[in-house]
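# Breakdown of the fold
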Amino acid sequence: MGASVMLEALEGIRATLWPRAFKRFTGAMLLLPAVALVLVLVAGLAWMGDASLHLLDTETFETGADYTAANYRQMGGQATYWIVLGRSILGAAIVTLVTLVLAFPYAYVMVRTGSAWTRKILLVSLFLPFFIGQVVRAYGWLIILGKEGLLNSLFGILGLGPFKMIYNYPSVLFGLVQYLLPFAVLLIAPAVTAIDEEIELASESLGAHWLRTFRHVTLPMAKPGLVAAALVVFTLALTDYAMPVILGGGTNDFIANAVYDAFFRISDSGLGSAVAIVLVLIATLLAAVILTVLGSGTLGFSAERR
Amino acid sequence: MVAVEGVGKSFGGTTAVTDVTFSVPRGRFLTILGPSGSGKTTLLRMIAGFIEPSQGEIYIHGKPVSAVPPHRRAIGMVFQRLALFPHLTAWDNVAYPLRMRGFDAAEIPDRVAAMFGIVQLKGFEQRRIQQLSGGQQQRVAIARALVFEPDLVLLDEPLAALDRKLREEMQLEFRRIQQELGVTTINVTHDQREALVMSDEVMVMDGGRVQQLAPPAETYRNPANAFVATFIGVTNFLPAHVASRTGSALRVRIGDLESPARLADPQLPTPPHGAAVDCALRAEHVWLRSGAPADADCSSSGRVMQCIFEGDRIVYEVAVAALGPALIRVIDRTPEAHLLLAPGAPVEVGWNARDLIVFPR
Ligand SMILES: Nc1ncnc2c1ncn2[C@@H]1O[C@H](COP(=O)(O)OP(=O)(O)OP(=O)(O)O)[C@@H](O)[C@H]1O
Ligand SMILES: [Mg+2]
């Protein structure tokens, strides 16, 4: 009784605030928060774009009023930036490839296994890393892989080493793969779940052994999940900051580290903005490339026939 | 052609299939009929090679196939959920087995086109699977399973999901294709009508065991046991005692009534005088008359308790005082009467000796 009175009162308030005539705008209203968020991002980006076009006066430490492409020219002229850029893109590509190759079987077994225990263990090991921050995880690897670390002391007992396992490119990539694997598995698993197991059996009974079934049925059907995973892993790896700092120890900077250095080491927000803008452009471009290459057409036979 | 010998399968603790033996000669159509969970799919998957039998052996062309993986068995299968490839066109779905089985690329288009003709899907070749209706998808699945001329085709209730009219159409359609191509077929269903309509032989299963293996009319007229009698058709079960027997002539006492009857399996010894037995009486084998006594070997009077009008037939539930409290179900489809008796109407029911089937307990 009381509840219905309250509901009626609420309904009355709703009717004054949001009359029926407005109903067709309800969808648009629900979009507003997301649009607002994107707008803030775009505004920030616009500010950075503007900042990147002003040069810092090194005498007075004030940014000039004139528009100039000097920051971009300076960037293009410095080999370091090209090296950092190449290292980031190559690294992100390798990390994406390795992560997908590792994540697919993981997701597949997790979805298909008949044993509830296997599934539980795989799920828990998947989510556990999310509870530990990226930085803590990177430090964990330092403890294990460092010069005085766990592995090297084990090798020491065997009379081997010490080996240099951190502060190099592979260790950064390794850290990134370990960090991004759960994301990839989470994005691929629903795609595998969507493939009815009968379809794979059908492929086998039609004459395809498991490898061809995988190539012609499982893989193309899981493609939406793989594309999503590739996009997320690639952009997160390309723009990562913590792994290159902690596991690279300053020897293997990525673009985000260069942005940080420009902003906070040499306090040149113009140069920092320029680097950041370049990073955004490259990430967008490469994401578009991934989408067009993987996102369209099928791996089926249609092109083969005629 | 296919022979299954003493095959059994258990998953951990549960036994899905126990000691199944049967064979299907070339070009014949066998239907496995059974309720949900009776082990039909498990049996079919063992033949297809997806599951390994725990006991027994399966022979195709006289050769044991335990060691042959599914993709090397020449078996076409139509799955319970069709399992068409959604990322391929109808054409590519049908061409798939030809490509996977290494058919000469030059003859693939002709074979596929011929198959589209047989299943009457010409003009739909370039459609995606989602762009086809349920019946059309069914035809693609059948075409895909038949196009590589398999030794054997397995159907795992692919028609179950269709509405009744379409299902009955596809049953006849598949039977036509099957006879046209002369392909050996094992069909699985829990629809008794489908089993009777489509098959050369029906194998009734329950609890993982074979209950009866016989031609359709035989399973209907001479059910091997009480389970088959209940599962196929609408059947009344009446507990009874043997009243007398002289040679093969058998009389039973049901409640206050004595009736001539027939033993289900004449090979079995006739149960002794006074032995408790079960009598099966199909609902459509019961005569129903209002007024005049039924012209049958045995009859008694009763009262209509419920009347269900189903269009092509009427189902009555009749209380017969002489038979005790249980209601007798009667199916009436006599055209001349156009009778529709209301509850409470007095009637005469009756049956013939050959329709009262006696199963020893
Ligand atoms: N992989 C499995 N693990 C454990 N038990 C199983 C497995 N597959 C089937 N069973 C059991 O075996 C029995 C037979 O199953 P099956 O799928 O063969 O039945 P069915 O006759 O095809 O039933 P339906 O008509 O419902 O499809 C069931 O009791 C089922 O629970
Ligand atoms: Mg089944």
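Computed from a predicted structure; not experimentally measured.

Let's shift gears to the overall build of chain B. A tally of helices and strands in chain B yields eight helices and 20 strands. Seen along its three principal axes, the alpha-carbon backbone of chain B occupies a region of about 75 × 45 × 35 Å. Each of the 361 residues in chain B was classed as buried or not, and the buried ones make up 52%. Summing over all exposed atoms, chain B offers an accessible surface of approximately 15,700 Å²; the carbon and sulfur share of this is 51%. With 37 positive and 38 negative side-chain charges, chain B shows a spacing of 3 Å between the two charge centroids.

Here we take up a nonpolar patch on the surface. Residue and element names in this part refer to chain A. Residues Leu123, Val124, Phe127, Leu128, Phe130, Phe131, Ile132, Val136 and Leu186 make up a contiguous nonpolar surface patch of roughly 800 Å² in combined accessible area. Take the nonpolar patch: its biggest share by element is six residues, from helix H5 (residues 116-131). The topology assignment puts Val136 in helix H6 (residues 134-145).

Moving on: the sheet that holds strand E15 (residues 287-289) of chain B. Residue and element names in this part refer to chain B. An order of E15-E19-E16-E17-E18 is seen for the five strands of this open sheet, with the pairing classed as antiparallel. Strand pairing shows two members of the sheet lacking a second neighbour, E15 and strand E18 (327-332), which therefore form its edges. Neighbouring strand axes in the sheet, compared pairwise and without regard to direction, differ in orientation by 40° on average. One ladder, built from six bridges, connects strand E17 (residues 314-320) with E18; its direction is antiparallel. Along E18, the bridge assignment pairs Ile314 with Asp332.

Turning next to the site of ligand 1. All names here are of chain B. In the vicinity of ligand 1, 14 residues are found, and the nearest of them are Ser36, Gly37, Lys40, Thr41 and Thr42. Here an oxygen atom of ligand 1 and a backbone polar atom of Gly39 are 3.0 Å apart. For ligand 1, the protein covers 59% of the area, taking 640 Å² as the surface of the free molecule. Elements with a contribution of two residues or more to the shell around ligand 1: strand E2 (14-24) and helix H1 (40-48). Partitioning the shell around ligand 1 into residue classes produces three nonpolar, nine polar and two charged.

Residues and elements named next belong to chain A. Considered domain by domain, chain A is made up of domain 1 (1-51) and domain 2 (71-299). Averaged C-alpha coordinates put domain 1 and domain 2 at centres separated by 37 Å. Every contact between the two is made by four residues of domain 1 and, on the other side, seven residues of domain 2. Summed over both partners, the interface of domain 1 with domain 2 comes to about 450 Å²; 77% of that surface belongs to carbon and sulfur atoms. On the domain 1 side of the contact with domain 2, Leu45, Met48 and Ala51 bury the most area, a combined 80% of that side's loss. Summed over the shared surface of domain 1 and domain 2, the result is zero salt bridges. Our enumeration of links across domain 1 and domain 2 arrives at zero residue pairs in polar contact (both at pLDDT 80 or more). When the residues that make up the side of domain 1 that touches domain 2 are grouped by side-chain class, the tally is three nonpolar, one polar and no charged.

Reading the values: rules and limits
Residues numbered from 1 in each chain as written. Chains lettered and ligands numbered in written order. Predicted model: local features only at pLDDT ≥ 70, side-chain atom pairs only at ≥ 80, totals over all residues. Heavy atoms only, no water. Helix = DSSP H or I, 4+ residues; strand = E, 2+ residues; numbered from the N terminus. Buried < 20%, exposed > 50% of the residue type's maximum accessible area, 1.4 Å probe, protein only. Areas by Shrake-Rupley, 256 points an atom, 1.4 Å probe, with all protein chains shown as cover. Lys, Arg positive; Asp, Glu negative; His and termini not counted. Charge placed at Lys NZ, Arg CZ, Asp CG, Glu CD. Patch = residues over 30% accessible without salt bridge, like charges linked within 9 Å, V, L, I, M, F, W, Y side chains within 5 Å. Salt bridge = Lys/Arg side-chain N within 4 Å of Asp/Glu carboxyl O. Pairing = 2+ DSSP bridges. Axes fitted to C-alpha atoms, helices over the stretch in contact; angles between N-to-C directions. Near = heavy atom within 4 Å. Polar contact = N/O pair within 3.5 Å; in protein donor to acceptor, adjacent residues only side chain to side chain. Nonpolar A, V, L, I, M, F, W, Y, C, P; charged D, E, K, R; others polar. Domains from an automatic or database assignment. Contact = heavy atoms within 4.5 Å. Buried area = accessible area lost by both parts, 1.4 Å probe.

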